[in-house]
Amino acid sequence: MVQLSGIAITGCGSAVPNVALGNDGMSRLVDTSDEWISTRTGIRQRRLADAQGSLRQLASDAARQALEMAAVQATDVDLIILATSTPDDLFGTASQIQAELGATRAAAFDLTAACSGFVFGLVTAAQFIRTGTYRTIVLIGADVLSRWTDWSDRRTCVLFGDGAGAIVMQSTSERDGLLGFELRSDGNQNNCLTLAFQPQPHHLVDDIAIGQGSFQPIAMNGQEVYRFAVKKVPEVIEKALFRAHLSVEQIDWLLLHQANQRILDAVAQRLGIPDEKVISNMAQYGNTSAASIPLALDEVVRSGRVQPGDVIAAAGFGAGLTWGAAIFRWR
Ligand code: COA
């Protein structure tokens with residue numbers, strides 16, 4: 001009989017590129033200003049991977065730190081899930097990370113759910129642990145969106161940055177650290193935020209033509225995405241809290257995908273969560289997509305703000321459209 005296990009989040013780590021581009025630098029690139037960017041988004045700078053920088057390297061560095069904090073050997077890892085929309089290889093980058101870490105026993109795969117990827121990955125990983133299939137999982141959220149940003153489009157290029165964050169999830173016979181979750185998707189709104197493949201007909205032989213082409217840079221309807229986020233994110237958090245049998249007051253921290261400070265403020269206000277419980281680091285990094293939640297988690301854990309036993313309400317939202325919330329306990 002399958003033994004149902006609880007989940008413990010036992011380690012975290014993060015990595016960002018060294019190169020920082022501030023808002024003043026951004027205003028030399030497109031018609032914008034530090035004043036516009038910081039008042040409309042809360043972002044002051046973003047980190048950017050250089051031409052030699054790889055997603056694999058950022059993700060592996062974050063994962064190594066998480067393993068070290070959890071005191072877990074790479075050879076004890078059963079599964080690596082890499083949440084990303086910007087792989088080094090479309091066939092998947094998780095296996096390269098598995099090799100880099102020396103996690104010889106681990107299966108590894110990529111998971112794509114854009115800026116919701118970390119939350120979707122957390123819930124996916126939890127299923128393997130709950131069923132008793134795996135005991136130790138490394139979940140990484142990592143993106144290098146700078147590769148796919150339209151650097152001539154001021155409506156989008158000011159928002160994004162590169163980075164990686166990781167956690168270690170382990171089975172436990174003690175109290176379950178994943179208290180509740182809710183995942184949602186709405187493909188009808190897909191065109192609000194895309195990084196789409198654009199095929200051109202390529203004639204092979206006879207009347208056979210296939211589509212070949214490349215991915216087009218990120219395109220976004222910012223106002224639609226904003227409206228979607230401030231409406232749907234509070235709903236999904238409330239649903240996850242309901243599943244966790246918790247009230248909003250019992251949350252110690254609100255950890256949202258770091259897209260826009262105004263979105264964080266609006267969601268917190270709708271839920272009645274005071275500012276001091278809202279984790280925010282987007283001023284330093286911008287929107288790092290699947291990396292933003294574990295990157296922010298790592299900072300608040302290492303600074304001592306988040307303490308073992310604290311209850312965190314995390315929510316991701318973004319392209320797909322996808323959105324989801326997970327209520328979990330740190331350690
Ligand atoms: N610098 C200066 N002006 C800019 C600008 C920039 N970087 N980007 C847009 N503008 C201009 C627009 O052209 C527009 O000018 P106009 O009135 O002359 O046409 C004006 O600022 C207002 O644009 P608007 O799109 O209404 O701004 P906004 O207040 O909605 O803010 C976003 C734009 C993108 C910051 C905001 O919509 C947002 O954050 N949306 C969510 C995006 C997001 O989080 N995406 C990722 C989800 S994972």
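Above this note sits the structure.
Presented here is an overview of the structure given in this document. Please read all numbers here as calculations on a predicted model, not as lab measurements.

1. Some remarks on the packing of aromatic side chains
Reasoning step 1: Counted under the stated rule, the structure contains 4 aromatic pairs.
Reasoning step 2: Here Phe128 and Tyr134 contribute two aromatic rings whose centre-to-centre distance is 5.3 Å and whose plane-to-plane angle is 35 degrees, an arrangement assigned as tilted.
Reasoning step 3: Aromatic rings pair up to connect Trp148, Phe197 and Phe215 into one cluster.

2. With respect to the sheet that holds strand E4 (residues 79-83)
Reasoning step 1: A sheet is described by the order of its strands in space; here 5 strands give the open sequence E1-E7-E6-E4-E5, paired in mixed fashion. Either end of the sheet is taken by a strand with one partner, and the two such strands are strand E1 (6-15) and strand E5 (107-111). Sheet twist, expressed as the mean angle between neighbouring strand axes with direction ignored, is 20 degrees.
Reasoning step 2: Along the sheet, helix H5 (residues 117-130) makes contact with E1, E4, E5, strand E6 (136-144) and strand E7 (162-172), crossing E7 at roughly 20 degrees.

3. Notes on the side chain of Ser60
Reasoning step 1: Position of Ser60 among the secondary structure elements: in helix H3 (residues 55-70).
Reasoning step 2: A residue is classified by how much of its surface remains accessible, and Ser60, at 0% relative accessible area, is buried.
Reasoning step 3: At 2.7 Å, the side chain of Ser60 and the backbone oxygen of Arg56 are in polar contact.

4. Remarks on the site of the ligand
Reasoning step 1: By nearness alone, 23 residues border the ligand, and Thr32, Arg40, Arg154, Gln223 and Asn260 come closest of all.
Reasoning step 2: With respect to the ligand, the backbone of Gly222 contributes an N or O atom lying 2.9 Å from a nitrogen atom.
Reasoning step 3: Burial of the ligand by the protein amounts to 75% of the accessible area it has alone, namely 960 Å².
Reasoning step 4: Mapped by element, the contributors of at least two residues to the shell around the ligand are helix H2 (34-41), helix H6 (154-157), helix H7 (222-243), helix H8 (261-271) and strand E14 (311-318).
Reasoning step 5: It is H7 that provides the largest number of residues to the shell around the ligand, a total of 4 residues.
Reasoning step 6: When grouped by side-chain class, the residues that make up the shell around the ligand number 10 nonpolar, 8 polar and 5 charged.

5. Re the pattern of salt bridges
Reasoning step 1: Following the criterion strictly, the structure yields 13 salt bridges and no others.
Reasoning step 2: Several salt bridges share partner residues, and in doing so they unite Arg56, Asp61, Arg64 and Glu100 into one network.

6. Overview of a nonpolar patch on the surface
Reasoning step 1: A surface patch of nonpolar side chains, about 320 Å² in accessible area, is lined by Leu204, Val205, Ile208 and Ile210.
Reasoning step 2: For Ile210, the location among the structural elements is in strand E11 (residues 209-215).
Reasoning step 3: Assessed through its relative accessible area of 32%, Ile210 is described here as partly exposed.

7. Re the nonpolar core
Reasoning step 1: Counting residues in hydrophobic clusters, the biggest one holds 47 residues, and the most contacted among them are Val233, Ile237, Leu254, Leu256, Val267, Ile273 and Phe317.
Reasoning step 2: Listed by contribution, the elements that provide at least two residues to this core are H7, strand E13 (253-256), H8, E14 and strand E15 (322-329).
Reasoning step 3: Tallying contributions element by element places H7 first for this core, with 9 residues.
Reasoning step 4: Two domains each provide a minimum of three residues to this core, namely domain 1 (6-175) and domain 2 (179-188 + 219-329).
Reasoning step 5: Leaving out residues up to four positions away in the same chain, Ile273 has contacts with Val248, Ile251, Leu254, Ala268 and Val278.
Reasoning step 6: Counting 35 residues, the second-largest nonpolar core is a separate cluster that includes Ile129, Ala290, Ala296 and Phe328.

Rules used in this analysis
Residues numbered from 1 in each chain as written. Predicted model: local features only at pLDDT ≥ 70, side-chain atom pairs only at ≥ 80, totals over all residues. Heavy atoms only, no water. Phe/Tyr/Trp six-rings, centres within 6.5 Å; stacked < 30°, edge-to-face > 60°. Pairing = 2+ DSSP bridges. Helix = DSSP H or I, 4+ residues; strand = E, 2+ residues; numbered from the N terminus. Axes fitted to C-alpha atoms, helices over the stretch in contact; angles between N-to-C directions. Contact = heavy atoms within 4.5 Å. Buried < 20%, exposed > 50% of the residue type's maximum accessible area, 1.4 Å probe, protein only. Polar contact = N/O pair within 3.5 Å; in protein donor to acceptor, adjacent residues only side chain to side chain. Near = heavy atom within 4 Å. Areas by Shrake-Rupley, 256 points an atom, 1.4 Å probe, with all protein chains shown as cover. Nonpolar A, V, L, I, M, F, W, Y, C, P; charged D, E, K, R; others polar. Salt bridge = Lys/Arg side-chain N within 4 Å of Asp/Glu carboxyl O. Patch = residues over 30% accessible without salt bridge, like charges linked within 9 Å, V, L, I, M, F, W, Y side chains within 5 Å. Core = buried A, V, L, I, M, F, W, Y, C linked by side-chain atoms within 4.5 Å. Domains from an automatic or database assignment.

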